[in-house]
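If you want the building blocks of each chain, they are given just below.
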Amino acid sequence: MIDGHTQLVGVIGWPVEHSLSPIMHNAAFDVFGLNWRYVPLPVRPGEVEQAVKGLAALGFRGANVTVPHKQAVLPVLTSISADARRLGAVNTLVFERDGDGGIRVVGHNTDVDGFIGALREAGFDPYGTRAVIVGAGGAARAVVAGLAAAGCAHLVVLGRDVTRARTLVTDIKAHYPASLYAQANELTPEKLIEEARTAALLVNATPVGMWPYTEDSIWPENVPLPSHLTVFDLVYNPLETRLLAQARRAGAHAVDGLGMLVRQGALAFQLWTQDEHREVEELIEVMRAACKRALMGRPD
Ligand code: NAP
């Protein structure tokens with residue numbers, strides 16, 4: 001029931017109608033008996049500043065920020081967490097009232113810990129390893145920053161736009177120890193095969209393979225994937241992407257994107273509700289179950 005005490009949060013994006021975030025957050029509010037609701041908030045490119053100020057003035061407690069606003073929202077912030085500053089991208093906003101009645105807009109990025117938490121949950125410790133990341137967008141930034149912070153020794157970013165990949169690597173290297181080896185290259189099948197041969201981890205941080213283009217994969221079909229690899233696909237719709245099916249067929253370790261989705265969501269939930277007593281693992285399981293039910297019930 002929505003009443004005068006209901007606390008509101010939501011997700012700002014364009015488009016947002018396919019987001020699983022309302023489903024997983026509302027499921028958690030219901031299970032834990034919190035009088036909170038989470039709503040999808042379609043915000044056109046160029047209108048994010050008005051939208052954030054409007055939400056804060058309307059008494060929203062916070063919001064998630066997704067494509068294409070993760071960088072565009074930066075000028076509206078009053079302050080920013082260390083992770084979000086290093087990445088230059090924000091996926092969670094918290095609205096705080098200060099003593100004078102003013103509103104502070106605090107930016108966080110829970111994708112970084114969401115990714116690393118999911119990777120560790122899958123049994124992979126990135127410390128001292130070599131990783132290949134395909135993609136150079138917002139999610140790739142979070143992946144690269146997380147791997148660098150977790151002590152990954154050797155990072156290669158492959159992007160179809162090599163300039164974007166190089167900028168990502170330059171930005172991340174500026175914040176991490178000189179001992180980190182990080183390099184960017186153009187994404188080609190040959191380069192991917194060559195880099196994967198010596199890497200321990202391959203991450204797909206592109207939408208390739210996502211519904212409705214489920215036949216697509218970043219990995220060429222006629223080349224066996226190295227069996228020693230852990231393959232992490234950030235795509236979660238479908239859960240079993242073509243890339244993950246190729247990995248399993250080759251005997252490699254396949255990890256889907258749902259673990260990251262629910263972990264970044266649980267961390268945002270905790271930032272808004274400031275509920276330090278609730279076990280994050282319990283929250284994650286409620287969110288994971290809600291997402292799985294939703295993914296099984298719809299094609300898109
Ligand atoms: P983004 O900022 O739009 O970046 C997408 C990246 O993928 C860009 O580098 C883009 O290349 C590249 N790309 C797109 N289509 C490609 C293709 N056909 N071949 C090669 N590269 C291609 O998006 P994002 O936020 O980083 O998200 C990327 C994916 O991760 C999406 O599927 C999203 O759903 C998923 N994701 C999952 C989670 C999770 O919790 N599991 C969290 C965040 C994102 P250009 O630079 O050339 O455009």
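Preceding this section is the structure that the text describes.
Everything numeric in this text was worked out from a predicted model, so none of it was measured.

A few points about the sheet that holds strand E10 (residues 201–204)
Now for step 1: Read across the sheet, six strands follow the order E9-E8-E7-E10-E11-E12 without closing on themselves; strand pairing throughout is parallel. Looking at strand neighbours, the two that pair on one side only are strand E9 (181–186) and strand E12 (253–255), the edges of this open sheet. In this sheet, neighbouring strand axes are inclined to one another by 15° on average, regardless of whether the strands run parallel or antiparallel.
Now for step 2: Sitting on the sheet, helix H7 (residues 189–198) is in contact with strand E7 (130–134), strand E8 (154–159), E9 and E10, with an inclination near 155° to E7.

Structural notes on the site of the ligand
Now for step 1: What surrounds the ligand is a group of 21 residues, the closest being Ala-136, Ala-139, Arg-160, Arg-164 and Gly-257.
Now for step 2: Contact between the ligand and Ala-139: an oxygen atom at 2.8 Å from a main-chain N or O atom of the residue.
Now for step 3: Between a nitrogen atom of the ligand and a main-chain N or O atom of Leu-234, the distance comes to 3.0 Å.
Now for step 4: Starting from 920 Å² of accessible surface for the ligand in isolation, the protein chains cover 76%.
Now for step 5: Most atoms of the ligand, that is more than half of them, are within 2 Å of grid points of the largest pocket.

Remarks on empty space enclosed by the protein
Now for step 1: With the rule as written, the count across this model stands at one cavity of 30 Å³ or more.
Now for step 2: One number sums up the size of the largest cavity: a volume of about 30 Å³.
Now for step 3: Lining the largest cavity we find Val-144, Leu-155, Val-157, Val-169, Ile-172, Lys-173 and Ala-182.
Now for step 4: Mapped by element, the contributors of at least two residues to the lining of the largest cavity are E8 and helix H6 (162–173).

Considering the packing of helix H9 (residues 258–273) against helix H10 (residues 280–297)
Now for step 1: Where H9 contacts H10, the axes come no closer than 9 Å and their chain directions differ by 125°. Between H9 and H10, the interaxial angle falls into the category oblique. For the pair H9 and H10, the sense of crossing is right-handed. Across the interface between the two elements, Leu-258, Gly-259, Leu-261, Val-262, Arg-263, Gly-265, Ala-266, Phe-269 and Gln-270 of H9 pack against Val-280, Glu-281, Leu-283, Ile-284, Met-287, Arg-288, Cys-291 and Lys-292 of H10.
Now for step 2: Here the residues of the contact of H9 with H10 are counted per class, giving 10 nonpolar, three polar and four charged.

Some words on the pairing of strand E11 (residues 230–233)
Now for step 1: Residue alternation in E11 divides its side chains into two sets, Thr-230 and Phe-232 and Val-231 and Asp-233, and both sets are buried.
Now for step 2: Two strands pair when backbone bridges link them, and E10 and E11 are joined in this way by four bridges, in the parallel orientation. Counterpart to Val-203 in the pairing with E11 is Phe-232.
Now for step 3: As paired elements, E11 and E12 share three bridges and run parallel to each other. In the strand pairing of E12, Phe-232 is matched with Val-255.

Re the packing of helix H5 (residues 138–149) against H6
Now for step 1: For the pair H5 and H6, interaxial distance at closest approach is 10 Å and the crossing angle is 35°. For H5 against H6, the interelement crossing comes out right-handed. Contact with H5, carried on its side by Ala-140, Arg-141, Val-144, Ala-145 and Ala-148, involves Thr-167, Leu-168, Asp-171 and Ile-172 of H6 and no other residues of that element.
Now for step 2: Counted by class, the contact of H5 with H6 contains six nonpolar, one polar and two charged residues.

Definitions and cut-offs
- Residues numbered from 1 in each chain as written.
- Predicted model: local features only at pLDDT ≥ 70, side-chain atom pairs only at ≥ 80, totals over all residues.
- Heavy atoms only, no water.
- Pairing = 2+ DSSP bridges.
- Helix = DSSP H or I, 4+ residues; strand = E, 2+ residues; numbered from the N terminus.
- Axes fitted to C-alpha atoms, helices over the stretch in contact; angles between N-to-C directions.
- Contact = heavy atoms within 4.5 Å.
- Near = heavy atom within 4 Å.
- Polar contact = N/O pair within 3.5 Å; in protein donor to acceptor, adjacent residues only side chain to side chain.
- Areas by Shrake-Rupley, 256 points an atom, 1.4 Å probe, with all protein chains shown as cover.
- 1 Å grid on protein atoms, 1.4 Å probe; cavity = no way out; pocket = protein on both sides within 12 Å on 5 of 7 lines; lining within 4 Å.
- Sits in = over half its atoms within 2 Å of the grid points.
- Points joined across faces, edges and corners; volume = space filled by probe spheres on them.
- Parallel < 35°, antiparallel > 145°, perpendicular 65-115°, else oblique.
- Left-handed = near helix turned anticlockwise from the far one by under 90°.
- Nonpolar A, V, L, I, M, F, W, Y, C, P; charged D, E, K, R; others polar.
- Buried < 20%, exposed > 50% of the residue type's maximum accessible area, 1.4 Å probe, protein only.

By themselves, these observations are geometric and do not establish any function.
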